[in-house]
Amino acid sequence: MTSTSAVSSTFDVNAVRSQFPALAREIAGQPAAYFDGPAGSQVPLVVADAMRECLLHTNANTCGQFATSREVGELAAAAHAAAADFLGGDDPDEVAFGPNMTTLTFAFSRALAQEWKQGDEIIVTQSDHDANVTPWVLAARDAGVTVRHVPINKDDCTLDLEAYRALLNERTRLVAFGCASNASGTIHPIKEMTAAAHEAGAEVFLDAVHFAPHLPIDVAAWNCDFLACSAYKFFGPHIGMLWGRRDRLEEIKAYKVRPAPDDLPGKWMTGTLNFEGVAGTLAAINYLAGLSGENFPALEPKPSAARRQALLNAYDQIARYEQPLALEFLAGLAEIPEITVWGITDAARIDQRVPTISFTHKNFTPQQVAKFLGDRGIFVWDGNYYALALTETLGLEPEGAVRVGILHYNTQAEVQRLLAALRELNE
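Residues numbered from 1 in each chain as written. Predicted model: local features only at pLDDT ≥ 70, side-chain atom pairs only at ≥ 80, totals over all residues. Heavy atoms only, no water.

S.K.: Would you mind going over the confidence of the model for the protein chain in detail, with residue names and values included?
M.R.: Here the protein chain shows a mean pLDDT of 96. Residues at 70 or above account for 98%. Segment residues 1-5 is flagged for pLDDT under 50; beyond a separation of four residues in sequence, or across chains, it makes 11 contacts in the model. (pLDDT = per-residue confidence, 0-100. Contact = heavy atoms within 4.5 Å.)

S.K.: Break down the side chain of Asp36 for me, with residues and values.
M.R.: Within the secondary structure, Asp36 sits in the loop between strand S3 (33-34) and helix H2 (45-57). For Asp36, which is buried and forms no salt bridge, the nearest opposite charge comes from Arg403, at a distance of 8.2 Å. Sequence-distant contacts of Asp36, that is, excluding residues within four places in its chain, are made with Gln42, Phe379 and Trp381. (Helix = DSSP H or I, 4+ residues; strand = E, 2+ residues; numbered from the N terminus. Buried < 20%, exposed > 50% of the residue type's maximum accessible area, 1.4 Å probe, protein only. Lys, Arg positive; Asp, Glu negative; His and termini not counted. Salt bridge = Lys/Arg side-chain N within 4 Å of Asp/Glu carboxyl O.)

S.K.: How would you summarise the packing of aromatic side chains if you had to cite specific residues and measurements?
M.R.: With the rule as written, the count across this model stands at 16 aromatic pairs. Ring plane angle 85° and centroid distance 5.6 Å describe the contact between Phe20 and Tyr287, whose orientation is recorded as edge-to-face. You can see Phe20 sitting in the loop between helix H1 (13-17) and strand S1 (26-27) and its partner Tyr287 sitting in helix H10 (residues 275-290), a full 267 residues away along the chain. Considering the side-chain rings of Trp136 and Phe205, the 4.9 Å spacing of their centres and the 65° angle between planes classify their relative orientation as edge-to-face. Of this pair, Trp136 sits in helix H5 (residues 134-143) while Phe205 sits in strand S10 (residues 203-207), and the two are 69 residues apart along the sequence. Among the residues examined, Trp136 registers a relative accessible area of 0% and is labelled buried. An aromatic cluster of at least three residues, connected via ring pairs, comprises Phe108, Trp116, Trp136, Phe205, Phe226 and Trp268. The residue whose ring lies beneath Arg110 is Tyr255, and the NZ or CZ to ring-centre distance is 4.0 Å. The ring of Phe372 has Arg376 lying over it, and the distance from NZ or CZ to the ring centre is 3.6 Å. (Phe/Tyr/Trp six-rings, centres within 6.5 Å; stacked < 30°, edge-to-face > 60°. Lys NZ or Arg CZ within 6 Å of the ring centre and 35° of its normal.)

S.K.: With reference to specific residues and values, describe the environment of Gly201.
M.R.: Its place among the elements puts Gly201 in the loop between helix H7 (190-199) and S10. Sequence separation between Gly201 and Leu168 is 33 residues; the distance between their C-alpha atoms is 9.1 Å.

S.K.: Let's hear about the nonpolar core: which residues, and what values?
M.R.: Counting 142 residues, the largest nonpolar core has Phe86, Trp116, Ile217, Phe234 and Phe329 as its most contacted members. Examining the composition of this core, we find that 11 residues originate from one element, helix H11 (residues 305-334), more than from any other. The contact partners of Phe329, leaving out residues within four places of it in the chain, are Ile357, Phe359, Val404, Ile406, Val415, Leu418, Leu419 and Leu422. (Core = buried A, V, L, I, M, F, W, Y, C linked by side-chain atoms within 4.5 Å.)

S.K.: Requested: an account of unusual backbone geometry, with residues and values cited.
M.R.: That bond from Leu264 to Pro265 is cis: its omega, 0°, falls within 30 degrees of zero. Position of Pro265 relative to the elements: it lies in the loop between helix H9 (246-251) and H10. Residue Pro398 is reached from Glu397 by a cis peptide bond, and omega for that bond is 5°. By the element assignment, Pro398 lies in the loop between helix H13 (388-393) and strand S17 (401-405). The phi angle at Ala28 is positive, at roughly 50°, despite the residue not being glycine.

S.K.: Describe the layout of surface pockets, with residues and values.
M.R.: Once rolled over the atoms, a probe with the size of a water molecule shows which space is left empty. Empty space within the largest pocket amounts to approximately 470 Å³. Thr62, Cys63, Pro261, Gly266 and Met269 are, among the 21 residues lining the largest pocket, the residues nearest its centre. In terms of residue count, helix H3 (residues 67-87) provides more of the lining of the largest pocket than any other element does, 4 residues in total. Tallied by class, the residues present in the lining of the largest pocket amount to 12 nonpolar, 8 polar and 1 charged. (1 Å grid on protein atoms, 1.4 Å probe; cavity = no way out; pocket = protein on both sides within 12 Å on 5 of 7 lines; lining within 4 Å. Points joined across faces, edges and corners; volume = space filled by probe spheres on them. Nonpolar A, V, L, I, M, F, W, Y, C, P; charged D, E, K, R; others polar.)

S.K.: Summarise the pairing of S10; cite the residues concerned and give the values.
M.R.: Burial within S10 is extensive, with 5 of its 5 residues counted as buried. Both faces of S10 are covered, namely the face carrying Glu203, Phe205 and Asp207 and the face carrying Val204 and Leu206. One ladder, built from 5 bridges, connects strand S9 (residues 172-178) with S10; its direction is parallel. When the sheet's bridge partners are listed, Gly178 is paired in S10 with Asp207. Two elements, S10 and strand S11 (residues 226-230), share 3 bridges in a ladder whose sense is parallel. Considered in S11, the bridge of Asp207 is made with Ala228. (Pairing = 2+ DSSP bridges.)

S.K.: Now, about the pairing of S11: what can you tell me, with residues and values included?
M.R.: The buried fraction of S11 is high, at 5 of 5 residues. As judged from the 5 bridges shared by S11 and strand S12 (residues 240-244), these two strands associate in the antiparallel manner. By the bridge assignment, Cys229 is partnered in S12 with Met241.

Set out below in structure tokens:
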């Protein structure tokens, strides 16, 4: 089992936790331990403050000839710049805000499918959240396009890359896959899969929702074509972001109302934006960058190389802190013979997964395990978490599995408390 000294000594988790009011909550006399982050992380106070400030003092729509309208426009522009830094791009207009990743993907898939024709093919995977499967399957159905599915290796829940390459051909128009599985925690080989898709002449749509709290998104290095994520998974509010290459976002015909802009990014943002959510997203990105020790102006109007580097530094600290916690939890689970972990368990491969760990118990259903823990103030998830293709393939339906998500505000003491509760369950 990982020793206490293995947890990063340079990452001040107590300072981090002091910024999250929710972490002070108690359940049945015990501090609440939030391992439910994959379904939605907690937010630091600066995010709530930014949203409150927007609602109370700049509550207007854009493009008006008055102060609050100008101010909320400046806020939105700053958020687009911050989002470009967060995603690894250099063009704020390549980022569109919307309700969430799922809604954005449904709308975008419908638009992109206008370019497809019968005989074309698309590829999705068995490892993905259904938000990056069903929108494409339905769009393909409407366009008369064939859908291919990349299988997983059941022993460790990684994608079968040999099968993936075999599916690619000159008819493949799109490959949609996640950066990391929200069920198994597997990090998919993003650059390798993207390069293979491009060699076949296909475009790539990435779901970065589950990846975003743990590791830096880098659309430039990955050379993807489109990407979506949701801020409420990386310590922000309930709002989504869609990124795409400028030339493609300009070419594809968007479903929008007639008065809406034809230029970017407005072309892809239907209806009035959730401006308080935009403000919160800006604050969440600056919060993450601030973990590096650097602070950035709330209304920075352009992409910032300094903020991008700060984000990279912060994510390096996050990974160094989270990985030992994941190793410790996996080692503890390995000592409970009734528990089966679904995903990578080899400590030597810890860099191939994020610290999201799903497991089943021989004697109890996932719901029973989750309730047992929840009654003790330990919050975990149960079910399939919308990763339906994965749980079906593993034969885990209809109960699914128990999911534990470790984030950078979790502690070693919480991990040990969770393991103690699971051992108590066996008694």
